There are 2 protein chains.
Amino acid sequence: MHKNRIQCPDLLGKVISAQEAANFITKGMVIGTSGFTKAADSKAVLQALADRTLNENLAITLLSGASLGHDIDGHLAENNILAKRMPFQSDPVLRKHINSGEVLFIDQHLSETAELIDNKHLPEIDIAIVEVAKINEDGSLVLTTSVGNSATFIARAKKVILEVNLSIPTSIQGIHDIYYLQEHPIRTAIPITESHTRIGTDFVPLDISKVIGVVFTDLPDSPALVALPDEKTKAIAKHLIDFLQNEVKAGRLSKNLLPLQAGIGKIANAILEGFIESDFSDLTMYSEVLQDSTFDLIDAGKVSFASASSITVSAECYERIFNNFDFYRDKILLRPQAISNAAEVIRRLGVIAINTAIDCDIYGNVNSTHLCGSKIMNGIGGSGDFARNAYLSIFVTPSISKEDRISHIVPMVAHVDHSEHDVDIIVTEHGLADLRGLAPTERAIEIIENCSHPIYKPHLKDYFQRACENGGQTPHLLKEAFDWYIQYMETGSMQALVEIEA
Amino acid sequence: MHKNRIQCPDLLGKVISAQEAANFITKGMVIGTSGFTKAADSKAVLQALADRTLNENLAITLLSGASLGHDIDGHLAENNILAKRMPFQSDPVLRKHINSGEVLFIDQHLSETAELIDNKHLPEIDIAIVEVAKINEDGSLVLTTSVGNSATFIARAKKVILEVNLSIPTSIQGIHDIYYLQEHPIRTAIPITESHTRIGTDFVPLDISKVIGVVFTDLPDSPALVALPDEKTKAIAKHLIDFLQNEVKAGRLSKNLLPLQAGIGKIANAILEGFIESDFSDLTMYSEVLQDSTFDLIDAGKVSFASASSITVSAECYERIFNNFDFYRDKILLRPQAISNAAEVIRRLGVIAINTAIDCDIYGNVNSTHLCGSKIMNGIGGSGDFARNAYLSIFVTPSISKEDRISHIVPMVAHVDHSEHDVDIIVTEHGLADLRGLAPTERAIEIIENCSHPIYKPHLKDYFQRACENGGQTPHLLKEAFDWYIQYMETGSMQALVEIEA
Ligand SMILES: CC(C)(COP(=O)(O)OP(=O)(O)OC[C@H]1O[C@@H](n2cnc3c(N)ncnc32)[C@H](O)[C@@H]1OP(=O)(O)O)[C@@H](O)C(=O)NCCC(=O)NCCS
Ligand SMILES: CC(C)(COP(=O)(O)OP(=O)(O)OC[C@H]1O[C@@H](n2cnc3c(N)ncnc32)[C@H](O)[C@@H]1OP(=O)(O)O)[C@@H](O)C(=O)NCCC(=O)NCCS
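Cut-offs applied
Residues numbered from 1 in each chain as written. Chains lettered and ligands numbered in written order. Predicted model: local features only at pLDDT ≥ 70, side-chain atom pairs only at ≥ 80, totals over all residues. Heavy atoms only, no water. Near = heavy atom within 4 Å. Polar contact = N/O pair within 3.5 Å; in protein donor to acceptor, adjacent residues only side chain to side chain. Areas by Shrake-Rupley, 256 points an atom, 1.4 Å probe, with all protein chains shown as cover. Phe/Tyr/Trp six-rings, centres within 6.5 Å; stacked < 30°, edge-to-face > 60°. Helix = DSSP H or I, 4+ residues; strand = E, 2+ residues; numbered from the N terminus. Buried < 20%, exposed > 50% of the residue type's maximum accessible area, 1.4 Å probe, protein only. Lys NZ or Arg CZ within 6 Å of the ring centre and 35° of its normal. Pairing = 2+ DSSP bridges. Least-squares fit on C-alpha atoms with pLDDT ≥ 70 in both. Contact = heavy atoms within 4.5 Å. Disulfide = S-S within 2.5 Å. Salt bridge = Lys/Arg side-chain N within 4 Å of Asp/Glu carboxyl O.

**Focus: the site of ligand 1**
Residues and elements named next belong to chain A. Taken together, the neighbourhood of ligand 1 is formed by 27 residues, with Glu288, Asn378, Gly379, Ser401 and Lys402 sitting nearest. Side-chain polar atom of Asn378 to an oxygen atom of ligand 1: 2.7 Å apart, as the coordinates give it. Side-chain polar atom of Lys402 to an oxygen atom of ligand 1: 2.4 Å apart, as the coordinates give it. In the complex, the protein chains occlude 84% of the 970 Å² of accessible area that ligand 1 would expose alone.

What follows is the structure, given as C-alpha cells:
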C-alpha cells in the first residue's frame, strides 16, 4: 500500500478509488484543483468525474492554478459538468464551450486568485483535489511538478482529496517553497530579494481531518508541445538579444542581465533557446513556467537559477530532469503563483519579461487573449502580472500568420490586455520597436517602421497619417479602426482589405 | 536675506532672480520640476521661463510629479517652450496643444517615472527646479505641500535650482517621509506595513555643488476647485457606503475598513465627504492626493491618519490646515509618488481604491484618459497603480452628462486604461455593479441593469443581446461598437443614435 508515499498513519485508511472520490462531487460545488500549465493536474479524480454519466448537469465551478493537461478541461466541458471555470485554460474543446456561452470563464491575473479566495471575494471552495508525491508523517504534503494555487486550496477548502502520483519520484521533495500571504491589515513584505531566496517550507501543511479520500495514480503530466526554433523565432530572438547586448554596452544592464521571465507558448520558448548562443552568463529566471528552454540553458551553463510555479516540459526533457534530479535540484524552485507572480517581487527584482502577444496595435496596446475582440484564446495568465511590474516589458509576435492573411500589427486592437503604459518593447521577425520615453504618435512610427510586415506596412502608415489629420494624443479613425478584423471575419483574410484599397 | 530659510551658508551666495534662473534653461534641455496636482509647483522660475520672449523654440522636455498649478503648463505651451511633457497634466491649454500634436505627452503610471529615471530609460535630467520651505545647514531640503518626484529629480539632475517659498511656514518640516528605491539587483522591500509607517527622513539630501541658483517666492499653491456634493454625487456616495456597510456585515471588512484611496476630481472628493455621515470609524488613507474631504474627515474624527504625495485643497482649507498645523501634523505624511503609489504597498495594505472613470463599457473596461478614443483629457495618473493592486478597485462616474447627450456607460470604450481584470465595482447615481467573481457576460448584465441611465439602458441591452448571438467570451459587434462615439462627434449627442434607432 505504498507506505513510503502515505507516511501518515491516519490517512492510510482513507485510500479510495478515483470513482469513489469523484462521487463526493455534487451539483453546484466549487472545486479547487492542482494543475498549472498542465503540470501536476488531477489525473484520476477529475477524469473519473468526466466519465460519470452524462446529463447529471453538475454545474460545478472549477478553479485551478492555470491550464490542465490530459484534455481534462475538454472532457469536463463536453460532459456538461462545468458551469464556471477560472482563472486560466488553454483547452481547444473548453474554449469552444466558453465561446458558445455554455461555460462561463473568469479570466484572471494568475497572481490574484489566491488573494480573492483569501479575501472571500470568490465563493468558498467545497473540495480541493491536489496531486502530491508524498504525505509526510504529520500529514503535511510534498507537491509534484507545480505549486499553483494548491497550498491555498488545501488551506481554504472544506474538504480535501489527495492524488498520490507514483510516477513522481519522492526525491522531488525540497524544490517547493510554500509561503502564505498574511491577511490584511497585518501583512508584511514578501521577503524575496533574489530569484533563489527561500521564504517558506518545502511542504504544504494539512489539517488531516479535512481529508475525505486519498487516490493513487501513476500517469505522468501531459507533455508540452515544443516547437523547434524556426526562421521567424530565430529572427525575433536575434533582434531581442541584440537589443539586450546594446543595453549591456550602454551600461544599463550587466552581463547577467536581470532575472528573466518567459511566457508560455511556442514562441517564447523558442526565443529563450536563442540565449544559448548569446554572450550573457550567470543568468537567472523569475518566471511562471519552466519550459524546455530553461533546462537547456541550465545545461549550457547559461542559467544558474530558475524560480517559477511549474515545470512544463516535453517528454524527453521530463525524463532528463528526473534522471538527473540531483544536478537540477539546487538550481530550481517552485513557488505558489501568488508569489511567482507577485507584483512586489517582480518589481523588486527588476524582471525582464518576455511574453507573446496575439496582436498589438500601432500605439503598443497589446491583446493577449481574444481573437477579433470577442472569442477567447486562452486567458491573460501571468502576462499582466509581469508586463506591469517588469523592469522591461517585452512582447513578441510574428508580424503575420496564416500565410499572410493575418497581420499581428493592427490599427487598433479590439481587446486590450496590456495598455501602452505597460509595454516597453515589441519584437517581430522584422525588427524591434523600443518604445521607452516615446509619446503615442512616436510609438506608432517606431512600431510600423520596425515591426510590421511589408505587405501591411503601407496600409498601417496610411491609417496613421489619416488619423493624425484629426489630431489627438492617440489619433484614431473610429469608423474604420476595426475594419481589418471585420474583413478577416468576412473573407478569411485581412489581405482582402489591402487589395481592395490598393 | 531670510537666513532662517537658507541656513546653509554656502547657498546664501546663490540667491538670484527668477529671470536669471530661467536663463539657465537652454534649447532641448530636460527639466524636472516639483509639483503634484498643483501642490508645490515652481511658481517663479517656470513662470519667468514662460515669460521669456516667444519664438525661441526652446523645445524642452518637462517632467513633473503630476499636474502643475498657476496655468503654468498652459503658458509654457502657448509660448512654444514645450516639446515633451510627462507624466501627467490637467491644463486645458496644454491639453489643446497636446491634442493638436504640437506637444508630445507621455502619459505614465505615476509610480513609474522615478523608476524610469533611475533605470536610465528616460533621458538624463539637466536641471531640477524644486520648491522648498527651507534649506538646512547641511544643505538638505525641507519640501512644501508635495513630494512627487522631487527627491529623485534632486538626486539625479546635473544641476539644481531651488525655489524657497516664504508663504509656507517652516513648521511644515516633519510631514515628509523621503525614501529612495534601491537599485536593481540589490533592492529590498519597501518596509511600509501601515499607512503611518515612517521609513525615511523628513528632508531631501542635496549635493550643494549642483545648485546653480536659489530663488525666493511667496505665492501660495493654486487652490483646488472643490465641488460641493450634489444630487448625483450624493447618490453615488450612498450606493458606495451601503455596499461597504454590507461588506462589514458580511464579515469581510471591519468598521475601520482598510486604507482608502480617492482619486483626483470633483466626484471622488464629493464622495469622500459622504463618509462623514457613515458608521465607519478610525479610517485611514493611503492615497495620492489629500483633498478637502480628507481634512473634513479628520475634523469629523472619522480619519485618524492619511498618507499621500500631496496636499491639494481649496484656499479655505489651506488656511485651516496651516492655522492648525499642530493638530494635523501627526495625522498626515507626504511620500515620494514612487512610494505613495507603489504596487507593493498598495497590495500589502489592502487599499480600497476609488477613482473616477471618464467612461466604462458593459464589460467593465474603464477609460480614464481619452475622449472618444483620441483626445487626451488629463492622463492615467495613479489610477492604474491603485486599481491594479487594490483590495477593492472601485470606479465611479455619472451615468450621463451634458444633460443626457453623453452616456458614460458605452458598448465598448474606445480607449482602455483599466481592463476588466482590474475593476471590481462600478458605481453611478443609479446603482452599484458588484463584478467580483463574474464572467464578462454576467458583468454586462450587472452593469447595464444597475449603472446605466434609463434612456440608454434599452439600447445597451439591445447591443449586448445582439452581440451575444455571435457568441464569444466578450461578445461584441465590431461594426457598431463605436457608433455611440461617432454619433456624439457628428451630432453632439449620443441621444441622436438612440432616437434614430428607436
Ligand atoms: C498569446 C498566445 C496565445 C500565443 O501562444 P503561441 O503558442 O505562440 O501561439 P498559438 O499558435 O497557440 O496561437 C496563436 C494562434 O492565433 C492565431 N491568431 C492570431 N491573431 C488572430 C486573429 N486576429 N484572428 C484569428 N486568429 C488569430 C494565430 O494565427 C495562431 O494560430 P495558428 O497556430 O493556427 O497559426 C499565448 O502566449 C497566450 O495564451 N498568452 C496569454 C497568457 C500569457 O501570456 N501568459 C504569460 C505568462 S506564462
Ligand atoms: C476622469 C477624470 C477626468 C474625471 O474628473 P472630474 O473632475 O470628475 O470630471 P471633469 O468634469 O473634469 O471631466 C469630465 C468631462 O469630460 C466629459 N466627457 C466624459 N465623457 C466624454 C465623452 N465620451 N466625450 C466628450 N466628453 C466627455 C464630461 O462630460 C465632463 O465634461 P463637463 O465637465 O463639461 O461636464 C479625472 O478623474 C481624471 O483625470 N482621472 C485620471 C487620473 C486618475 O484617475 N487619477 C487617480 C489617482 S489621483
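The structure having been displayed, the exposition proceeds.
**Structural notes on the packing of aromatic side chains**
The final tally for this structure, using the stated rule, is 17 aromatic pairs over all chains. When the ring of B:Phe295 is compared with that of B:Tyr328, the centres are 5.4 Å apart and the planes differ by 85°; the resulting orientation is edge-to-face. Taken together, the residues span a long stretch of sequence, with B:Phe295 in helix α10 (residues 292-299) and B:Tyr328 in helix α12 (residues 325-328) at a distance of 33 residues. In this structure, B:Phe295 and B:Tyr328 share a single accessibility class: buried. The ring of A:Phe327 carries A:Lys331 above its face, with NZ or CZ at 4.0 Å from the centroid.

**Describing the sheet that holds strand β18 (residues 366-367) of chain B**
Whenever strands of a sheet pair, they do so through backbone hydrogen bonds, lying parallel or antiparallel. Residue and element names in this part refer to chain B. If you trace the 3 strands from one edge of the open sheet to the other, you get β18-β17-β24, paired in mixed fashion. Taken across any chain shown, the strands that pair with only one partner, and hence form the sheet edges, are β18 and β24 (409-410). By the bridge criterion, 2 bridges tie strand β17 (residues 359-361) to β18 in an arrangement that is antiparallel. Residue pairing in the sheet places Asp359 in a bridge with Asn367 of β18.

**Comments concerning the relation of the copies chain B and chain A**
When chain B is fitted to chain A, the best match, at an RMSD of 0.0 Å, comes from turning it 180° and sliding it 0.0 Å along the axis. Both copies of the chain, as the preceding transformation shows, are related through a two-fold rotation axis. Identified as the residue of chain B closest to the rotation axis by C-alpha distance is B:Glu344, at 2.2 Å. Mapped onto chain A, 100% of the interface residues of chain B again fall at the interface, so both copies present the same surface.

**Some points on the sheet that holds strand β8 (residues 159-165) of chain A**
Residue and element names in this part refer to chain A. The 7 strands are arranged β4-β3-β2-β1-β5-β8-β9 in an open sheet whose pairing can be described as parallel. The outermost strands of the open sheet, each flanked by one partner alone, are β4 (104-105) and β9 (211-217). Of the pairings in the sheet, the one linking strand β1 (residues 30-33) to strand β2 (residues 60-63) comprises 3 bridges and is parallel in character. Paired with Gly32 across the strands is Leu63, a residue of β2.

**Thoughts on the side chain of A:His121**
Inspection of the secondary structure puts A:His121 in the loop between α6 (113-118) and β5 (127-132). One polar contact links A:His121 to B:Tyr391, side chain to side chain, over a distance of 3.3 Å. Setting aside its immediate chain neighbours within four residues, A:His121 contacts A:Leu116, B:Glu247, B:Arg252, B:Tyr391, B:Leu392, B:Arg436 and B:Gly437.

**Here we look at the state of the cysteines**
Overall, the coordinates contain 0 disulfides over all chains when judged by the stated rule. Looking at the unpaired A:Cys468, the closest cysteine sulfur is the one in A:Cys360, lying at 17 Å. Here A:Cys468 falls in the partly exposed class, since its relative accessible area comes to 31%. Considering cysteine sulfurs only, B:Cys360 is the nearest to B:Cys372, which forms no disulfide, with 15 Å between them.

**Topic: the site of ligand 2**
Residue and element names in this part refer to chain B. Of all residues adjacent to ligand 2, which total 27 residues, the nearest are Glu288, Asn378, Gly379, Ser401 and Lys402. In the model, an oxygen atom of ligand 2 is placed 2.7 Å from a nitrogen or oxygen of the Asn378 side chain. Between ligand 2 and Lys402 there is a distance of 2.4 Å, counted from an oxygen atom to a side-chain nitrogen or oxygen. Coverage of ligand 2 by the protein chains reaches 84% of its 960 Å² of free accessible surface. Only α9 (266-273), β16 (352-356) and α18 (483-491) provide two or more residues apiece to the shell around ligand 2.

**Observations regarding the pattern of salt bridges**
Residue and element names in this part refer to chain A. Tallied over the entire structure, the rule returns 62 salt bridges over all chains. Where Arg85 meets Asp73, a salt bridge forms, and the shortest distance between an N and an O atom there is 2.7 Å. Here Arg85 is found in strand β3 (residues 82-86), whereas its partner Asp73 is found in helix α4 (residues 72-78), with 12 residues between them in sequence. The two residues Arg85 and Asp73 agree in class, both being buried.

Everything listed is a geometric property; what it means functionally is a separate question.
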